[in-house]
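Spelled out, the chains give:
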Amino acid sequence: MKDTNKAIKHMFFLYPIALPLFLLVYLCFPIPAIAVENRETVVAFTESVADKQAERLAASLCPDRKLTATEPIGYFDVNGNFSGCIIRYKDSEGVASGYVIYDVSDGLQLVEFSLSKNAISPYDQLQVEAVKENVARGSSYDLDTIYEIAPLTFCCVEKGLRTALDSDGNTYELPPEMVAFTGKKPSWNDVFVKIANYLNDNYEILDTSDLEVFFSWKKSDITMQTKKYCCGVSAMLAIVHYYCHSCRFEKLPSIYNELWTRGNVTVDYVSGGVTYGIIDNNKMGPTVVSFCNKRATRLFSNFQSSPSYGTFINSIYQGNMPIFCGGIISAQNGKRSGHAMAVEGHCLIREKSSGKVLRTLLVYDGWNSGAAFVNFDFTKFTDTHGIFFWK
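Predicted model only: the values in this text are computed from it and were never measured.

Q: Can you break down the nonpolar core residue by residue, with the values?
A: Judged by nonpolar contacts, the single largest core of 60 residues is most densely connected at Met321, Ile323, Phe324 and Leu361. With residues near it in sequence (within four places) discarded, Met321 still touches Leu211, Phe215, Ala238, Ile239, Tyr242, Tyr243, Ala342, Val343, Glu344 and Phe389.

Q: Help me get a handle on the pairing of strand β7 (residues 153-158), residues and values and all.
A: The buried fraction of β7 is high, at 5 of 6 residues. As paired strands, strand β6 (residues 141-150) and β7 are joined by 5 bridges and run antiparallel to one another. Its bridge partner being in β7, Tyr147 is matched across the sheet by Cys155. Count of turn residues in the β6/β7 antiparallel hairpin: 2 residues, of which Leu152 carries a positive phi of about 60 degrees. Sheet analysis places β7 next to strand β8 (residues 163-166), joined by 3 bridges and oriented antiparallel. Paired with Cys155 across the two strands is Asp166, which belongs to β8.

Q: So what about unusual backbone geometry? Which residues, and what values?
A: Backbone geometry at Asn264 places phi at a positive 50 degrees, although glycine is not the residue there. Examined against the element boundaries, Asn264 turns out to sit in the loop between α8 (252-262) and β13 (266-271). Although it is not a glycine, Ser306 adopts a positive phi angle of roughly 50 degrees. With respect to the secondary-structure elements, Ser306 resides in the loop between β15 (300-305) and α10 (309-317).

Q: How would you sum up the pattern of salt bridges? Please name residues and give values.
A: Under the defined criterion, the tally for this structure stands at 10 salt bridges. With a closest N to O distance of 2.7 Å, Arg295 and Glu250 form a salt bridge. Here the residue Arg295 occupies a position in the loop between α9 (284-294) and β15, and Glu250 occupies one in the loop between α7 (231-243) and α8, the gap between them amounting to 45 residues. With relative accessibility at 28%, the residue Glu250 sits in the partly exposed group. Note that Asp383 is salt-bridged to Arg336, the shortest N-O span being 2.8 Å. Here Arg336 lies in strand β17 (residues 336-351) and Asp383 lies in strand β20 (residues 383-390), a separation of 47 residues in the sequence.

Q: Residues and numbers for the environment of Ala69, please.
A: With respect to the helices, strands and loops of the structure, Ala69 is situated in strand β1 (residues 68-69). Taking the C-alpha atoms as reference, Ala69 lies 9.1 Å from Val100; in sequence the two are 31 residues apart. Setting aside residues up to four positions removed in sequence, Ala69 forms contacts with Asp51, Ala54, Glu55, Ile87, Arg88 and Tyr89.

Q: Go over the confidence of the model for the protein with me, naming the residues and quoting the values.
A: Per-residue confidence for the protein gives a mean pLDDT of 80, with 82% of residues at or over 70. At the level of individual helices and strands, the protein shows its lowest average pLDDT in helix α1 (residues 18-28), which scores 36, and its highest in α9, which scores 97. Below pLDDT 50 for its whole length, residues 1-43 participates in 73 contacts with residues either more than four positions away or in separate chains.

Q: Account for the packing of aromatic side chains, naming residues and giving values.
A: Using the criterion set out here, one finds 18 aromatic pairs in the structure. With a centroid separation of 6.0 Å and 20 degrees between ring planes, the pair formed by Phe300 and Trp390 is classed as stacked. On the criterion of sequence distance, the pair formed by Phe300 in strand β15 and Trp390 in strand β20 is long-range, its members being 90 residues apart. On the basis of relative accessible area, Phe300 is assigned to the partly exposed category, the value being 32%. Seen from their ring centres, Phe312 and Phe376 are 6.0 Å apart, and the 70 degrees between their planes marks the pair as edge-to-face. Of this pair, Phe312 sits in helix α10 while Phe376 sits in the loop between β19 (372-375) and β20, and the two are 64 residues apart along the sequence. Judged by relative accessible area, which is 0%, Phe312 ranks as buried. By the ring-pair criterion, three or more aromatic residues cluster together here, those being Tyr309, Phe312, Phe324, Phe376, Phe378, Phe381 and Phe388. Directly above the ring of Tyr229 sits Lys219, whose terminal nitrogen or CZ lies 4.8 Å from the centroid.

The rules behind these values
- Residues numbered from 1 in each chain as written.
- Predicted model: local features only at pLDDT ≥ 70, side-chain atom pairs only at ≥ 80, totals over all residues.
- Heavy atoms only, no water.
- Core = buried A, V, L, I, M, F, W, Y, C linked by side-chain atoms within 4.5 Å.
- Buried < 20%, exposed > 50% of the residue type's maximum accessible area, 1.4 Å probe, protein only.
- Contact = heavy atoms within 4.5 Å.
- Helix = DSSP H or I, 4+ residues; strand = E, 2+ residues; numbered from the N terminus.
- Pairing = 2+ DSSP bridges.
- Salt bridge = Lys/Arg side-chain N within 4 Å of Asp/Glu carboxyl O.
- pLDDT = per-residue confidence, 0-100.
- Phe/Tyr/Trp six-rings, centres within 6.5 Å; stacked < 30°, edge-to-face > 60°.
- Lys NZ or Arg CZ within 6 Å of the ring centre and 35° of its normal.

What follows is the structure in structure tokens.
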């Protein structure tokens, strides 16, 4: 990286002495509890979590400088999977004042940072090199999508070609397999499985379940009646109808508006006369519980980050309806896009020739009235969460 003499750098694999420092910073600021099986506890990635962690780091090491974190810039690994993010700092006067890099392939892990004044992040350096190449050769590099082709070596790809440029100004000829995914980001359509494609002699159903009643509403019906939409509220709508029988006699707009208010939903944007909102994943459990308790239905909830597939299946077999939440990097704007869905069953499928197992959750997807199947092992999830309920 540039300016190594001036920059304060942190790499777990190069500087073991820095680990106690990071743990001190890390433990001084509480974070949400994480439930993960068979591995060390990690923090699941969301843009807000990354921003907060970055600002906590700066506040601990440089409390007098009042540094603020800018919007995370995501990057991908050589297999096309979302791998991490670069966050740049600005001081109170808006001057660039360092950066931090988080790896998110296994939770949120700090791998490098610099808090030097005027320190240039790898992304900024990449922009500089791209401009130089554009002037010298008339190149056009895509800076909307960047890749980590080696540890802490980032590159962008020339539009329509196989040439990659890194932040040190080196160029590479990309291998064919990497060219196949560069520039591609997932959409929510990629998350869902067309189950009919697996109902043939090449596959076998290992296990399946579903609750007695499938609750779902078309998004168009919800927006027409309420002039609002929030995927988390729609997921909670299914949950309260499942557990609280009395609310089935209430009008949909009344229930939707109450859940919206109880969940402290924030307005994201307004379009076509419809208000679209966002709710924090960890607020959905308490919102449902308070809604049901008001109607004399005693309910309990538990929020988990990175829950296992088995946790969802056990919940279904116990007659409960959980909520699955996932995040992806949107193909539309390159930012994290989250979605919440009520889980009403599962299907476990094995390919006979390879033995490969496909793990799916049967969900109300929040958009359509029919059942949908989520690929639980979708590799481009940035984070997953679960809200589990029981009486």
